[in-house]
Amino acid sequence: DQQVKQNSPSLSVQEGRISILNCDYTNSMFDYFLWYKKYPAEGPTFLISISSIKDKNEDGRFTVFLNKSAKHLSLHIVPSQPGDSAVYFCAAMIIQGAQKLVFGQGTRLTINP
Amino acid sequence: GAGVSQSPSNKVTEKGKDVELRCDPISGHTALYWYRQSLGQGLEFLIYFQGNSAPDKSGLPSDRFSAERTGGSVSTLTIQRTQQEDSAVYLCASSLAGSGTQYFGPGTRLTVL
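Residues numbered from 1 in each chain as written. Chains lettered and ligands numbered in written order. Predicted model: local features only at pLDDT ≥ 70, side-chain atom pairs only at ≥ 80, totals over all residues. Heavy atoms only, no water.

> What am I meant to see in the interface of chain B and chain A here?
Reports of interface size often rely on the accessible area that becomes lost once the parts have come together. On the chain A side, the residues contacting the 21 residues of chain B number 21 residues. In this assembly, chain B packs against chain A so that about 1,500 Å² is buried in total across both faces, 55% of it on carbon and sulfur atoms. Its largest share of buried area at the contact with chain A, chain B owes to Leu43, Gly100 and Phe104 of chain B, together 30% of the area lost on that side. Our count for the contact surface shared by chain B and chain A stands at 1 salt bridge. Here lysine 100 of chain A makes a salt bridge to aspartate 56 of chain B, at a shortest N to O gap of 3.2 Å. (Contact = heavy atoms within 4.5 Å. Buried area = accessible area lost by both parts, 1.4 Å probe. Salt bridge = Lys/Arg side-chain N within 4 Å of Asp/Glu carboxyl O.)

Set out below in structure tokens:
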């Protein structure tokens, strides 16, 4: 029972264009969502988060959109840069209590010059 | 400031041996988490510590796995009688209580031969 799903294992985008990474969840109790970026042999690096009381959060080139009715969130990166090439993980939690993160399987983003 | 650190970075062991993995959280972070990422899998929650409260062990896959956190800071994850299926990257994360955002260490890659 995978509660957080990233259906695209990989994505290729041209440098300078917009990268859109998608994530779906099934547990309606989740109320806080995060995106992490991971390079090989390193731990995940926090990128951006969003609370369920919002539908958008922006930080520089990164914007996260949340559609609660569809149980869907997306990460937009614009403009995409070669250094953005990495695996991106979507994660969800219930903010009350232990705040255990439930992760998607990840999407490998490749930015082509 | 210093991030989450983990040691060793790599550990190769023989089936049946015990191993200890160490995590030093960010100073001042009262919440500490262990996750693991098996080959081709997403990250899965193992155990959570918050201050002096009893840990949430609900993610530990078997009773061969245990963890402790001494003095509210350093944590050790112990795997007894290791099996080949224990091979994975073990990741530690810490956070300020209630903040929602967890910061990860670089991980320990465990290989059981």
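> Explain the side chain of threonine 76 of chain B to me, please; I cannot follow it from the model alone.
All names here are of chain B. Structurally, the position occupied by threonine 76 is in strand S7 (residues 75-79). The class of threonine 76 is buried, set by a relative accessible area of 18%. If near-sequence neighbours (up to four positions away) are discounted, threonine 76 is found in contact with Glu20, Leu21, Trp34, Ser66, Ala67 and Glu68. (Helix = DSSP H or I, 4+ residues; strand = E, 2+ residues; numbered from the N terminus. Buried < 20%, exposed > 50% of the residue type's maximum accessible area, 1.4 Å probe, protein only.)

> Help me out: how do you make sense of the packing of aromatic side chains in this one?
Geometrically, a pair of aromatic rings is defined through the distance of the ring centres and the angle of the planes. Taken as a whole and assessed by the stated rule, the structure comprises 13 aromatic pairs over all chains. What links up through ring pairs into an aromatic cluster is the set Tyr36, Phe46, Phe89 and Phe103 of chain A together with Tyr33, Tyr35, Phe45, Tyr48, Tyr103 and Phe104 of chain B. (Phe/Tyr/Trp six-rings, centres within 6.5 Å; stacked < 30°, edge-to-face > 60°.)

> What's the story with the layout of surface pockets in this structure? I'm lost.
Take a probe with the size of a water molecule and roll it over the atoms, and the empty space left behind shows itself. One number sums up the size of the largest pocket: a volume of about 560 Å³. In terms of lining residues, the largest pocket is bounded by 26 residues, among which Lys38 of chain A together with Gln37, Ser38, Leu39 and Gly40 of chain B are the most central. Of all elements in the fold, only strand S9 (86-93) and strand S11 (107-112) of chain A together with strand S8 (88-95) and strand S10 (108-112) of chain B reach the threshold of two or more residues within the lining of the largest pocket. Volume-wise, the second largest pocket comes out at about 350 Å³. Lining the second largest pocket are 14 residues; nearest its centre among them are Asp1, Val102 and Phe103 of chain A together with Leu43 and Glu44 of chain B. Within the residue set of the lining of the second largest pocket, elements represented by two or more residues are strand S10 (102-103) of chain A together with strand S5 (43-50) of chain B. Looking at which element gives the most residues to the lining of the second largest pocket, the answer is S5 of chain B, with 3 residues. (1 Å grid on protein atoms, 1.4 Å probe; cavity = no way out; pocket = protein on both sides within 12 Å on 5 of 7 lines; lining within 4 Å. Points joined across faces, edges and corners; volume = space filled by probe spheres on them.)

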